[in-house]
Amino acid sequence: MTTVEQRHRTTPPAPRRRSRRDEILEIAVGLFAARGYHGVSMDDIGSAAGVTGPALYHHFAGKEAMLVAALIPVSEGLLEGGRERVARHPAEAEAALADLIDFHVDFALANPAVIALHLHELDRLPEEPRRQIRRLQRLYVEEWVGVLTLLRPELEPAEARVLAHAAFGLMNSTPFLGGEVEWRRRAALLRDATMHALTGR
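Residues numbered from 1 in each chain as written. Predicted model: local features only at pLDDT ≥ 70, side-chain atom pairs only at ≥ 80, totals over all residues. Heavy atoms only, no water.

(A) Spatial organisation of the overall build of the protein chain. Counting secondary structure elements, the protein chain contains ten helices and zero strands. Ordering the α and β elements of the protein chain from the N terminus gives α-α-α-α-α-α-α-α-α-α. Here the C-alpha atoms of the protein chain give a radius of gyration of 18 Å, agreeing with the 17 Å that 2.2 N^0.38 yields for 201 residues. With respect to the principal axes defined by its C-alpha atoms, the protein chain has extents near 55 × 40 × 30 Å. Taking all 201 residues of the protein chain together, the buried fraction comes to 45%. Partitioning the intrachain contacts of the protein chain with sequence separation of at least 6 by distance along the chain shows that 68% fall at a separation of at least 24. When the accessible area of the protein chain is evaluated, it comes to approximately 10,800 Å², of which 53% is carbon and sulfur surface. Computed over 25 positive and 27 negative side-chain charges, the inter-centroid distance for the protein chain is 3 Å. (Helix = DSSP H or I, 4+ residues; strand = E, 2+ residues; numbered from the N terminus. Rg over C-alpha atoms; globule rule 2.2 N^0.38 Å. Buried < 20%, exposed > 50% of the residue type's maximum accessible area, 1.4 Å probe, protein only. Contact = heavy atoms within 4.5 Å. Areas by Shrake-Rupley, 256 points an atom, 1.4 Å probe, with all protein chains shown as cover. Lys, Arg positive; Asp, Glu negative; His and termini not counted. Charge placed at Lys NZ, Arg CZ, Asp CG, Glu CD.)

Shown next, in the form of structure tokens:
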């Protein structure tokens, strides 16, 4: 049986070289996602990461700093990646949409714990980083809205926005998925369901 923490440790097929700080942050994110922000102490994180308190505080000032470090770069990366994929297809809205879906599905499957944090813990951030993340998210949504209104001219921007948020609900379901279905098959199912939701085909 797949446990909650095992689901939150799902990794993408291609591993990358990480710093010790990245490793600690990944452990903290997994614990936050599995137990809730208030259910995890700095001692819990240090124990799971195999580091002492002073070593942990060398990398992060506290749990709040870890949450900011986990969420802001993700929102920045989504916006940058979304813009790059739209720019690849300046006159091909359907190809741009397929590329956006591929990009986000890969992200969602590789980062279920981060998605869980966005869903449940974002409001625990101080006002300024929370506002920054919300702004980045809105800009990312607008990349999808722009593509959808080109592909489906009958849609008003507000209607395309509804569809985009519905698509994110589908793709961002990965924190709730077990490991019963193989990674590539899960990706294909999520891509197909999202394309159908956005285009009706």
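(B) Structural view of the UniProt feature "DNA-binding region" (unreviewed entry) in the protein chain. The UniProt feature table records "DNA-binding region" (unreviewed entry) at residues 41-60. The span residues 41-60 shows a helical share of 75% and a strand share of 0%, and its end C-alpha atoms are spaced 13 Å apart. (UniProt positions renumbered as here; feature names shortened; annotations may be inferred.)

(C) Quick peek at the packing of aromatic side chains. Enumeration according to the criterion identifies four aromatic pairs in this entry. Considering the side-chain rings of phenylalanine 32 and tyrosine 37, the 5.3 Å spacing of their centres and the 50° angle between planes classify their relative orientation as tilted. Across the pair, exposure class does not vary: phenylalanine 32 and tyrosine 37 are buried alike. With a centroid separation of 6.2 Å and an interplanar angle of 85°, the aromatic rings of tyrosine 140 and tryptophan 144 are classed as edge-to-face. With tyrosine 140 and tryptophan 144 both in helix 8 (residues 127-151) and four residues apart, the pair spans about one turn of that helix. On the accessibility criterion, tyrosine 140 (4% relative accessible area) is buried. Tryptophan 144 sits in the buried class, given a relative accessible area of 0%. (Phe/Tyr/Trp six-rings, centres within 6.5 Å; stacked < 30°, edge-to-face > 60°.)

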